[in-house]
Every structure is written in C-alpha cells, then in structure tokens.
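Observations on the model geometry
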Amino acid sequence: MNTLSILFYISMVAWFLTEFLYKNILKSGKEDQKNKDKSTLNILWLAIPFSIMSSIFISYNTHFTIVDETWIFYLGELLIVIGILFRYMIIRSLGKYFTVDVTIRQDHKIKKEGFYKYLRHPSYAFSLLTSLGLGLYLNNWLSLIFAFVPPFLAFAYRIKIEEQALVERFGDEYLEYRKSTKKLIPFIY
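Below is a short write-up of the structure. (Residues numbered from 1 in each chain as written. Predicted model: local features only at pLDDT ≥ 70, side-chain atom pairs only at ≥ 80, totals over all residues. Heavy atoms only, no water.)

**Description of the side chain of Arg87**
Tracing the chain through its elements places Arg87 in helix H3 (residues 71–94). Exposure remark for Arg87: the relative accessible area of 9% places this residue in the buried category. The contacts of Arg87, once residues within four sequence positions are left out, are Glu19, Tyr22, Phe98, Ser123, Tyr124, Phe126 and Ser127. (Helix = DSSP H or I, 4+ residues; strand = E, 2+ residues; numbered from the N terminus. Buried < 20%, exposed > 50% of the residue type's maximum accessible area, 1.4 Å probe, protein only. Contact = heavy atoms within 4.5 Å.)

Here you go:
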C-alpha cells in the first residue's frame, strides 16, 4: 500500500469520525427553536453514507475512468483534506450557533464575515468539496456522480428548509444578506 492510499484511508476515517462527533455533540438544546429541521439531518445521514459506499462499490466494479493519470488521485485527496479541514474551521467559527439540526438560538445573529461574506452555507460547500474529492480520487465517472449528487440533493433540500427558518426569524435582514451572497459556490451559485 502506497503513501497516498494510506492518506486516503486516514482521511476517510477522519471524515467519518468528525461527522459522527458533530452529529452527537453539536445538537440543539432544549431551549432552542428546533422544530424547523423537518428531518433534514436524517436525510443527510442517509444520503452521505449511501453516496460513499455506492461510489466505492461502483469504482471496484466498473471501469469508467476519468483520466489515465495519477494526478487525479492527488487532486481528489487534496479536495478531501481541504473539505474536512475547512468545514471544521467554519464550524468552529460559528461556535454555539452551529448545530447539526436546523435551529435558531435565542440570541442568534447572521454571520456575515469570513467565508460568510461570499457564501451563505460554507460548511455545506466544504462538505460537498469532500464528496467531490472522493469521486475524483476514485477516478470513475459513475463513482463521481454517486459521490456528489446524493449529498448535493440532500444539502439543497436542507438549505431550502434552513433558509425558510432564517427568513422567518430575521426577515428583511436575511433577505438582504441573501441578495449579496451565493449559496455554495462563490460568485456562481
């Protein structure tokens, strides 16, 4: 087993462990308005493991190679690591306002600095970057589709629910913020 493969397995374990810890530690409190979630956390926890397992299974059982060069494995691993690290940094920057379920805290404020100056959902963007990295690392067109599309659809639904809750809570302030930012990709989407 080469160094890149070892790094890939380590990053996959780190990805799973961090997401597992987020899910179990960063839940909303009893005093929070958490009835807004509409099962989006469950949907994410179905979509993401499904996408990981199916994309790996597909990569071992089909051959729809993206490119016949080793740089794609390095690019994929780089995106996985960047996605994990930056998602962690964003979650840390939100502090007590980050919860795994759609929640509005009593003293909640709209964060508009850092990554939030450009994106409304940078945590989700970097999670999707990790999924994209997995698909590229597997170097299989079908694996890329299965690694990226299910999480993207789950996050798109969650963003819709989350933004409804934010508009409900913050009204025009959030609507104005929404006009000046993108959802997931700076300057594009």
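Alright, that's what it looks like, and here's the rest.
**Concerning the environment of Gly133**
By the element assignment, Gly133 lies in helix H4 (residues 122–138). Residue classification places Gly133 among the buried positions, given a relative accessible area of 0%. With 14 residues separating them in the primary sequence, Gly133 and Ala147 have C-alpha atoms 8.7 Å apart. Those residues in contact with Gly133 that lie beyond four places of it in its chain are Gly76, Leu79 and Ile80.

**Considerations on the packing of aromatic side chains**
This model, assessed by the stated rule, comprises 14 aromatic pairs. Look at Phe73 and Tyr137: their rings are 5.8 Å apart centre to centre, the planes differ by 75 degrees, and that puts the pair in the edge-to-face class. In this pair, Phe73 is assigned in helix H3 and Tyr137 in helix H4, connecting sequence segments 64 residues apart. Considering the side-chain rings of Phe115 and Phe126, the 5.3 Å spacing of their centres and the 75 degrees angle between planes classify their relative orientation as edge-to-face. You can see Phe115 sitting in the loop between H3 and H4 and its partner Phe126 sitting in helix H4, a full eleven residues away along the chain. For Phe115, a relative accessible area of 32% puts it in the partly exposed group. Through successive ring pairs, a cluster of aromatic residues spans Phe8, Tyr9, Phe73 and Tyr137. When the ring centre of Trp45 is taken as reference, the NZ or CZ atom of Lys23 above it lies at 5.7 Å. Arg169 extends its terminal NZ or CZ atom over the ring of Phe170, reaching a point 4.9 Å from the ring centre. (Phe/Tyr/Trp six-rings, centres within 6.5 Å; stacked < 30°, edge-to-face > 60°. Lys NZ or Arg CZ within 6 Å of the ring centre and 35° of its normal.)

**A look at H4**
Compared with an ideal rise of 1.5 Å per residue, which puts 17 residues at 24 Å, H4 spans 24 Å between its outermost C-alpha atoms and is within 8% of the ideal. With 16 of 17 residues buried, H4 is to be regarded as a mostly interior element. The first or second residue beyond H4 is Asn139, which carries a positive phi of 55 degrees. (Expected span 1.5 Å × (residues − 1).)

**Concerning unusual backbone geometry**
One can expect most non-glycine residues to show negative phi and most peptide bonds to be in trans. Even without being a glycine, Asn139 presents a positive backbone phi close to 55 degrees. As for its placement among the helices and strands, Asn139 is situated in the loop between H4 and helix H5 (141–170). A relative accessible area of 9% places Asn139 in the buried class. Look at Phe187: it is not a glycine, yet its phi comes out positive at around 65 degrees. Among the structural elements, Phe187 can be located in the segment after helix H6 (172–179).

Just geometry here; none of it tells us what the structure is for.
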